[in-house]
Amino acid sequence: MTSLTQLSQAIHDAPRWHQAEQFQNPTEITIVPLKDEALGAAVFGLDAKKAQSGETIYRLKQALAEHLILVFKNQSLDDLQYLAFASYFGSIFRPSADNPVLATQEDSGTPPDVVPVSNAVGKGDYTGHGELTPHADHQWTPLPSFGSLLYAIELPQNGGQTAWFNTIKAYEALDDNTKQYINQLQLITYNPFVRFQNNKGTPKEDGYGTSPKYRFKDQPIIGHAYPHPLVRTHPESGRKALWLNTHSEVELVNEDDQIGSELIEKLREHILKPEFRYEHQWEQGDIVFWDNQATLHSRRPFPSDQRRLLKRISLAGGRPF
Ligand code: OGA
Ligand code: MN
């Protein structure tokens with residue numbers, strides 16, 4: 001017999017319905033929209049270690065499409081249990097080696113299934129303690145991940161909050177002329193990790209925030225270019241969302257440099273308005289599961305001498321449309 005990968009082992013070991021004490025009763029679960037916030041719902045009464053019913057997973061998928069982020073409270077999981085739970089919602093995101101992302105390993109050319117987002121582990125942890133500017137995970141790849149989960153294990157005393165931005169609301173709040181104009185535009189988001197790999201001297205480990213914010217046509221192209229719609233349609237709800245991060249290098253296809261860069265700057269300012277944003281105050285045991293197709297997320301910095309350890313799983317998505 002060949003040995004199992006971590007993911008196969010996770011599914012192999014996961015509890016099943018017939019183990020009564022390991023089965024989550026769906027009637028114990030409540031989903032409560034976050035009060036007066038731009039997005040998000042909290043999920044109570046669910047233990048992600050347990051086997052879930054079809055009814056529960058369907059309900060969670062619908063709630064995610066509606067609220068865009070789900071906050072699960074009081075979890076206690078090992079990596080295999082975490083992978084087994086996340087996999088109910090899709091395949092693990094595994095980009096190919098030609099599209100480097102956070103935590104891509106030199107030997108495999110792909111990131112681990114569970115990425116330590118941490119300054120605390122030592123070797124093999126990612127993102128350090130600095131600010132992370134608003135982004136959707138893996139937006140620069142041909143098939144960006146549809147969603148990601150972060151699970152909080154150790155938290156700093158100060159800072160390190162994560163904020164999410166509702167880019168459906170941001171789109172809907174635009175005036176009709178702007179909507180009509182941008183509906184037909186395609187956007188290239190250049191891969192910040194390629195720039196980082198090329199600039200080994202730059203001591204910026206997260207890959208964000210080090211690039212120019214717009215590529216003018218006289219500037220070199222760094223990495224591969226995959227045009228995606230600037231306004232994307234959410235695959236479950238059909239709602240339209242702005243598909244634009246706020247700081248890394250982008251370019252509108254077939255658009256004049258000046259007009260394009262000014263439009264992008266204006267849209268970025270718009271997305272950053274507080275009415276589209278929810279800031280999460282982490283508590284140990286939280287899992288936040290978000291939709292990358294219709295949100296951005298950012299992180300506040302925290303002191304380098306305080307420990308923070310979260311674990312991230314990203315799930316595969318389709319070609320944006
Ligand atoms: C990520 C990320 C934010 C945080 O892991 O993709 O953006 O709060 N993390 O650490
Ligand atoms: Mn991220």
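Predicted model, so just to flag it, every value in this text is computed and none were measured.

Rules used throughout
Residues numbered from 1 in each chain as written. Chains lettered and ligands numbered in written order. Predicted model: local features only at pLDDT ≥ 70, side-chain atom pairs only at ≥ 80, totals over all residues. Heavy atoms only, no water. Donors = N, O, S within 2.8 Å, 3.2 Å for Na, K, Ca; no water. Helix = DSSP H or I, 4+ residues; strand = E, 2+ residues; numbered from the N terminus. Buried < 20%, exposed > 50% of the residue type's maximum accessible area, 1.4 Å probe, protein only. Near = heavy atom within 4 Å. Polar contact = N/O pair within 3.5 Å; in protein donor to acceptor, adjacent residues only side chain to side chain. Areas by Shrake-Rupley, 256 points an atom, 1.4 Å probe, with all protein chains shown as cover. 1 Å grid on protein atoms, 1.4 Å probe; cavity = no way out; pocket = protein on both sides within 12 Å on 5 of 7 lines; lining within 4 Å. Sits in = over half its atoms within 2 Å of the grid points. Nonpolar A, V, L, I, M, F, W, Y, C, P; charged D, E, K, R; others polar.

A. Representation of the coordination of the manganese ion (ligand 2). The manganese ion (ligand 2) binds to the protein through H135 (NE2), D137 (OD) and H297 (NE2); the donor distances cover 2.1 to 2.2 Å. Ordering the donors of the manganese ion (ligand 2) by residue number gives the pattern H-x1-D-x159-H. Of this pair, H135 sits in strand β6 (residues 132-135) while H297 sits in strand β16 (residues 295-299), and the two are 162 residues apart along the sequence. You can call H135 buried: its relative accessible area is 3%.

B. Main features of the site of ligand 1. All residues in the neighbourhood of ligand 1 are listed as V117, L132, H135, D137, L150, T162, H297, R299, R308 and R312. A distance of 3.3 Å is found between an oxygen atom of ligand 1 and a side-chain nitrogen or oxygen belonging to R299. Protein burial of ligand 1: of its 290 Å² of free accessible surface, 100% is covered by the chains. Taken atom by atom, the bulk of ligand 1 overlaps the largest cavity. Of the residues contributing to the shell around ligand 1, the split by class is 3 nonpolar, 3 polar and 4 charged.

Interpretation note: all reported values are geometric properties and have no functional meaning in isolation.
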